[in-house]
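Remarks on the overall topology
Each chain, letter by letter, is given below.
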Amino acid sequence: MFHSQILVLSTLLCVTLCAEDLKFPPGFRFGAASAAYQVEGAWNINDKGENIWDRFVHTKPEYITGAATGDVACDSYHLWERDIEIAKELGLHFYRFSIGWSRLLPTGFANYVSEDGKEYYNKLIDGLWAEGIEPVVTLYHWDLPQSLQDLGGWTNPLIVDWFGDYARIAYSLYADRVKLWLTINEPLTFCDANYNIGTLAPGIISPDHGAYLCNKYTLLAHAKGYRIYDEEFRPKYHGEVSLANHLTWFEPWTEDDEELAELAIQNCAGRYSHPIFSKEGGWPPSIEKLMTENSKKKGYLKSNFPAFTKEEIDFIKGTYDFYAMNHYTSRIIRKAKEGEELRPWPVGDAPDLDAVMGGLPDWEQTSSYWFFVFPPGIRRQLVWLKKNYGDMKFLIMENGYSGVEELNDQKRINFYESYLKELLLAIKEDGVNLTHYAAWTMLDNFEWMDGYSSKFGLYQVNFTDPNRTRTPRASAFYYKNIIKSHSLDVEKPTVDEVH
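Summarised in this report is the structure supplied together with it. (Residues numbered from 1 in each chain as written. Predicted model: local features only at pLDDT ≥ 70, side-chain atom pairs only at ≥ 80, totals over all residues. Heavy atoms only, no water.)

1. Here we look at the overall build of the chain
Here is the rule: Secondary structure follows DSSP: runs of H or I at least 4 residues long count as helices, runs of E at least 2 residues long count as strands, and numbering of each begins at the N terminus. A radius of gyration in this sense is built from C-alpha atoms; the matching globule rule multiplies 2.2 Å by the number of residues raised to 0.38. We call a residue buried when its accessible area falls under 20% of the maximum for its residue type, exposed when it is over 50%, and partly exposed in between, using a 1.4 Å probe and counting protein chains only. We call two residues in contact whenever any of their non-hydrogen atoms come within 4.5 Å of each other. Each accessible area value is a Shrake-Rupley result obtained with a 1.4 Å probe; residue values ignore everything except the protein chains displayed when judging cover. Counted as positive: Lys and Arg. Counted as negative: Asp and Glu, with His and the chain ends omitted from the count. In plain terms, the charge of a residue is placed at NZ if it is Lys, CZ if Arg, CG if Asp and CD if Glu.
A count of helices and strands for the chain gives 17 helices and 13 strands. In terms of overall size, the chain behaves like a compact globule, its C-alpha atoms giving a radius of gyration of 22 Å where 499 residues would be expected to give roughly 23 Å. Each of the 499 residues in the chain was classed as buried or not, and the buried ones make up 61%. When contacts within the chain are restricted to residue pairs at least 6 apart in sequence, long-range pairs at least 24 apart make up 76% of them. With an accessible surface of roughly 18,400 Å², the chain has 53% of that area assigned to carbon and sulfur atoms. Distance from the positive charge centre (49 side chains) to the negative charge centre (70 side chains) of the chain: 3 Å.

Next comes the structure, spelled out in structure tokens:
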């Protein structure tokens, strides 16, 4: 689709939905998502081990806005009961959180399980269930134990077994009460963004090798975690497992850029989906071909894109019970002009594709420099996934708005309304079997490179207050009303109306 047509078609789609029932299907579940390093704090309490973000923020503070750290963050380690109260206030059906690998296994290895870490997550899981809120658990959300990073981290093939050992312990402790698991969150981000630009922990730049080794071994580690659950725990507990992929949607700038846009989608979604969700498995053929050509251009004797063996292809293929997608933003893409300088992928352009990416002038840009608002992108991405990988169950595990607004956050309310309308269209017009939606996020938190400068929370957190006071924004009441009515046909509250 061309950029000149996008706004018109988006308006027509909204009109289509406005004429329809704005109710969500029976059984559709609403939640909110978080991550251990971003909310827990207590970075060195008791026997918790150091993770790569602990090391990164303390040794490279210049990479983080305001030299911020997650040392305290929302202090959810101590304030977990208040967090559960907030989840109850919102009426959440589920709350997604991650286990801190080094909080549970301080050495990174399975030789020692922390009693403190074990009990912290026990209390959180039991406390959620006591309020009728389902815990959805992510095993890995970017906080690799530093001990494993010192051995090569996600570029070391042994991490497949290290992750499997960790997953087995987590399942053995919590699978009796946790029925929905995500093995790994957004490998695209912590592989591609880190090794291409080095601004995420562990801060290593290796675009030609590190990014793709990380890509391969995260897929194998996910498959290991899935198969351990499938063989050892599913027969007794009957839960479900997948991974969560961060997907950006790409629109062609002109008709001549349509094939390029498809290649960009394969480079973003396909590299982390095709090996798992396609019938044939392995890398997307178009990307494998592209990487081979690029390796030759760069002077390598053979492709630096790591191949899969037949055994590895079979081991990864089919390791899912659903597709979990995190989605925030979209891009317009075009072929680069001769001599045009390209910024590194994935937050700038796409040098491997010889392509320039950006947003259109009428796309709102949030407080995060990478984040343009284009609601139709979330629907088009779901339709693409269904077309390419089949009619499976889909879950949105992150979607939210980055702003600097305080309590009266009308832009965030408008964001949720517009994106949720697109999801209703995907369900009702496209037949997408979408069953869950998680807002990112329940609380303002440590937002990686942005520190505390970008706010995603339905609840404002006062980070200068030792008590980390949480206060609901207008969007919290809006989301609460959507959940309660199971519909988008609700009023948009203002702060004056709700406080």
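2. Quick word on the packing of helix α14 (residues 376–389) against helix α15 (residues 410–428)
Rule in force here: The angle between two axes is taken between their N-to-C directions and runs from 0 to 180 degrees, where each axis is a line fitted to C-alpha atoms and a helix contributes only its stretch in contact. With respect to orientation, any angle under 35 degrees is reported as roughly parallel, any angle over 145 as roughly antiparallel, any angle of 65 to 115 as roughly perpendicular, and every other angle as oblique. For any pair of crossing helices, the crossing counts as left-handed if the nearer helix is rotated counterclockwise from the farther one by less than a right angle, and right-handed if it is rotated clockwise. Under the scheme applied, nonpolar residues are Ala, Val, Leu, Ile, Met, Phe, Trp, Tyr, Cys and Pro; charged residues are Asp, Glu, Lys and Arg; polar residues are all the others, including Gly.
With their axes 8 Å apart at the nearest point, α14 and α15 run at an angle of 30° to one another. Between α14 and α15, the angle falls in the class roughly parallel. In this structure, the crossing between α14 and α15 has a hand that is right-handed. Facing P376, I378, R379 and L382 of α14, the residues of α15 in contact are Y419, E422, L423, L425 and A426. Along the lines of polarity and charge, the residues of the contact of α14 with α15 split into 7 nonpolar, no polar and 2 charged.

3. Re empty space enclosed by the protein
By rolling a water-sized probe across the atoms, one finds the places where empty space is left. To be explicit about the condition: The distinction between a cavity and a pocket rests on a 1 Å grid over the protein atoms alone: a 1.4 Å probe fits inside a cavity but cannot get out, while a pocket stays open yet meets protein on both sides within 12 Å along at least five of seven lines, and a residue with an atom within 4 Å of a point counts as lining. Grid points are joined across faces, edges and corners, and a volume is the space filled by probe spheres set on the points.
All chains considered together, the criterion is met by 5 cavities of 30 Å³ or more. Surrounding the largest cavity, 29 residues form its lining, W142, E186, T189, H246 and W370 being those nearest its centre. With 3 residues, the single largest contributor to the lining of the largest cavity is helix α9 (residues 187–197). Each residue belonging to the lining of the largest cavity can be placed in one class, and the counts come to 16 nonpolar, 8 polar and 5 charged.

4. Thoughts on the pairing of strand β4 (residues 180–185)
Spelled out, the test is: Only strands joined by at least two bridges in the DSSP assignment are considered to pair.
Most of β4 is tucked away: 6 of the 6 residues are buried. Where strand β3 (residues 134–140) lies against β4, 4 bridges are found, and the strand directions are parallel. Bridge pairing in β4 places Y140 opposite I184. In the sheet, β4 pairs with strand β5 (residues 240–246) via 4 bridges, with the strands oriented parallel. Across the sheet, residue L180 finds its bridge partner in β5, namely E240.

5. A closer look at the nonpolar core
Nonpolar side chains tend to gather and get buried jointly when the protein is soluble and globular. Which entries qualify depends on this criterion: Buried residues of nine kinds, namely Ala, Val, Leu, Ile, Met, Phe, Trp, Tyr and Cys, make up a nonpolar core once their side-chain atoms join them within 4.5 Å.
Counting 165 residues, the largest nonpolar core has W53, W154, F163, Y171, W181 and Y437 as its most contacted members. When neighbours within four sequence positions are excluded, W154 is seen to be in contact with W101, Y140, L144, I159, F163, I184, F190, L213, C214, Y217, T218 and A221. In this structure, I332, L360, W363 and F374 belong to the second largest nonpolar core, which totals 5 residues.

6. With respect to the sheet that holds strand β6 (residues 249–252)
The 3 strands are arranged β6-β8-β9 in an open sheet whose pairing can be described as mixed. Single-partner strands in this sheet number two, and they are β6 and β9 (355–358). If you compare each strand with its neighbour and ignore which way they point, the axes differ by 35° on average. Judged from the 4 bridges that link them, β6 and strand β8 (residues 330–335) form a sheet pairing that is parallel. Bridge pairing links F250 to R331 in β8. In this fold helix α11 (residues 258–277) packs onto β6, β8 and β9, with an angle of close to 170° to the strand it touches most, β6. Those strands touched by α14 are β6 and β8, and its axis lies near 100° from that of β6.

7. Some details on helix α6 (residues 115–130)
Rules: Multiply 1.5 Å by the residue count of a helix minus one, and that product is the helix's expected span. Here a polar contact is taken to be a pair of N or O atoms separated by no more than 3.5 Å, where protein atoms must pair a possible hydrogen donor with a possible acceptor and residues adjacent in sequence count only if both atoms sit in side chains.
With 16 residues, α6 extends 22 Å between its outermost C-alpha atoms, agreeing within 8% with the 22 Å of an ideal straight helix rising 1.5 Å per residue. By the burial criterion, the buried members of α6 are G117, K118, Y120, Y121, N122, L124, I125, G127 and L128. Residues of α6 that are buried in the fold lie against α2 (36–39), α4 (80–90), β2 (94–98), α5 (101–104), β3 and α8 (159–174). Where α6 begins, one side-chain oxygen reaches toward the backbone nitrogen of D116, 3.2 Å away; that side chain belongs to S114. Once α6 finishes, G132 follows within two positions and takes phi at roughly 75°, a positive value.

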